[in-house]
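The primary structure of each chain is shown beneath.
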Amino acid sequence: MTTAARRPLQDFRLIVTGGGTGGHTYPALTAIRTLQARLAADGRTLDVLWIGTEEGLEARVAPAEGIPFTTVATGKIRRSGNPLKMAGPANMKDMARVPLGVAQARKAISDFRPDVVLATGGYVAVPAGLAARLCRRPLVLHEQTVRLGLANRRLASSATRIAVSSESTLPLLPEAARSAAVVTGNPVRSEVLSGQAGKAVEALGLHGFDRQLPTLYVTGGAQGSQQINGVVRDLLPWLLERANVVHQCGPDNVEGLRQYAAALPAGLAGRYHLTGFVGPELPDVLALADVVVSRSGAGTLAELTALGKPAVFVPLASSAGNEQAHNARHLEESGAAVALLGEVTADTLRDAVGPLLTDPARRGVMAERARAHGRPDAADRLVDVILSAASG
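Conventions and cut-offs
- Residues numbered from 1 in each chain as written.
- Predicted model: local features only at pLDDT ≥ 70, side-chain atom pairs only at ≥ 80, totals over all residues.
- Heavy atoms only, no water.
- Helix = DSSP H or I, 4+ residues; strand = E, 2+ residues; numbered from the N terminus.
- Expected span 1.5 Å × (residues − 1).
- Bend = angle between axes of the 7 residues up to and from the residue.
- Buried < 20%, exposed > 50% of the residue type's maximum accessible area, 1.4 Å probe, protein only.
- Contact = heavy atoms within 4.5 Å.
- Pairing = 2+ DSSP bridges.
- Axes fitted to C-alpha atoms, helices over the stretch in contact; angles between N-to-C directions.
- Parallel < 35°, antiparallel > 145°, perpendicular 65-115°, else oblique.
- Left-handed = near helix turned anticlockwise from the far one by under 90°.
- Nonpolar A, V, L, I, M, F, W, Y, C, P; charged D, E, K, R; others polar.

## Digging into helix α16 (residues 346-358)
Counted at 1.5 Å a residue, the expected span for α16 with its 13 residues is 18 Å, and the 17 Å between its end C-alpha atoms agrees. Maximum bend of α16: about 30 degrees, positioned at A352, with proline P355 one to four residues after it. Where α16 is concerned, the buried positions are A346, L349, A352, V353, G354, L356 and L357. Against the buried residues of α16 lie β8 (215-219), α10 (226-240), β11 (291-294), β12 (311-313), β13 (338-339) and α17 (360-373).

## Focus on the sheet that holds strand β9 (residues 244-248)
Ordered in space as β10-β9-β8-β11-β12-β13, the six strands form an open sheet in which the pairing is parallel. At either margin of the open sheet sits one strand with a lone partner, and together these are β10 (272-275) and β13. In this structure, β8 lies alongside β9, joined through five bridges in parallel fashion. Looking at the pairing, L216 lines up with V245 of β9. Helix-sheet contacts for α16 involve β8, β11, β12 and β13, and the interaxial angle to β11 is about 160 degrees.

## Focus: the sheet that holds strand β6 (residues 161-164)
Taken in spatial order, the seven strands make up an open sheet running β3-β2-β1-β4-β5-β6-β7, and their pairing is parallel. What marks the edges here is a single partner per strand, and that holds for β3 (69-71) and β7 (181-183). Pairs of neighbouring strands in the sheet enclose a mean axial angle of 25 degrees, with direction left out of account. Bridge count for strand β2 (residues 45-52) against β3 is three bridges, and the pairing is parallel. Each bridged residue has a counterpart across the sheet, and for I51 the counterpart in β3 is T70. Its contacts with the sheet put helix α2 (residues 22-41) on β1 (11-17), β2 and β4 (116-119), and the angle it makes with β2 is roughly 165 degrees.

## Remarks on the packing of α10 against α16
Orientation of α10 relative to α16, taken along the N-to-C sense of each, is 45 degrees, at an axis distance of 10 Å. Classified by the angle their axes make, α10 and α16 are oblique. Every pair of crossing elements has a handedness; the one defined by α10 and α16 is right-handed. Taken together, the residues of α16 that come into contact with α10 (itself represented by V231, V232, D234, L235, W238 and L239) are A346, L349, R350, V353, G354 and L357. Here the residues of the contact of α10 with α16 are counted per class, giving nine nonpolar, one polar and two charged.

## Some remarks on the environment of A197
Residue position: A197 is located in helix α9 (residues 197-204). Placed 50 residues apart in sequence, A197 and H247 show a C-alpha to C-alpha distance of 16 Å. Ignoring anything within four residues of it in the chain, the contact list for A197 reads D284, A287 and L288.

## What about the packing of α2 against helix α18 (residues 378-390)?
Two elements in contact, α2 and α18, have axes separated by 9 Å at closest approach and are oriented at 70 degrees. Judged by the inter-axis angle, α2 sits roughly perpendicular to α18. Contacts between α2 and α18 involve T30, A31, T34, L35 and R38 on the former and, on the latter, A379, D380, L382, V383, D384, I386 and L387. Of the residues that constitute the contact of α2 with α18, the class distribution is seven nonpolar, two polar and three charged.

Here it is, written out as structure tokens:
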């Protein structure tokens with residue numbers, strides 16, 4: 001009798017590997033929640049083990065969600081256009097750790113006996129993904145960006161299924177891997193899709209906002225962006241004549257911007273809400289926003305397109321493989337966003353955001369085009385792929 005036959009039919013076992021950043025961690029968490037709900041509706045249960053690193057975001061997220069967590073040795077590949085630097089001592093040292101990580105992951109997989117291994121990217125996914133193949137366990141990859149990341153490129157030939165977030169990814173896959181690919185989209189947390197604008201007004205005390213004007217949400221991510229903060233500060237009086245502004249600037253940047261905002265005329269100051277961090281109220285802030293200025297990470301794109309939000313993207317130039325620029329350009333080409341590539345100044349931001357703030361019809365067209373790229377059901381689609389991989 002096989003191991004699977006001895007287990008209760010209602011017990012589905014999943015190993016998740018991936019992380020390092022929120023872009024790899026939160027899609028995995030959303031998939032876990034969605035799979036758990038799907039199984040529970042059928043009277044079944046889900047057992048999960050997350051394989052990650054001690055330093056990655058997943059080391060905090062998984063335990064906080066009550067998900068058993070274990071670590072394996074791995075190495076971070078430092079990218080460079082120079083092959084000699086790619087083969088430098090730091091990369092060589094880290095790559096030498098991968099075989100140990102594979103051995104550790106192989107033991108974890110053999111002991112846990114998962115029905116499926118889900119890898120969402122990040123360098124920790126490589127040893128666990130390779131171990132899944134050695135243990136003959138179905139491996140599902142999920143790619144959040146338009147182009148496959150380094151980890152998923154390494155694992156593509158080992159994958160049972162490759163779930164991608166965009167049709168544009170399909171021709172970029174290795175030819176031998178295309179038959180395993182399916183477009184699911186990038187999972188978006190369900191709470192992001194259920195925000196209410198009125199709740200944002202109450203939670204943030206936005207009673208000085210002029211509801212006859214559009215609302216602009218500016219964000220540089222959890223830590224803020226000095227680049228975005230600087231150009232918004234330089235353009236702020238002009239912006240506030242045309243819009244209300246919610247500006248999430250990062251905890252370390254609040255004081256300097258607050259001093260600048262103190263000199264704003266009273267009539268404009270009431271339309272400006274400055275905050276270091278937007279937490280549980282984020283879905284409501286997004287519901288309130290008519291236009292968003294932000295970085296263009298994969299998670300941000302997934303949320304904004306699922307919601308149909310017009311956006312001006314300022315890609316992070318140092319993102320791995322320049323993926324944020326590729327993400328932003330991909331949406332701009334179809335009129336679903338504006339991408340500010342290269343040097344960004346107050347003038348370039350004004351030229352990009354001005355037409356969206358002053359022309360509701362233009363906003364409406366961009367919103368529809370953005371929504372055409374959105375996949376609010378991406379988590380369910382990914383769960384379908386996971387279940388189909390388990391059944392062969």
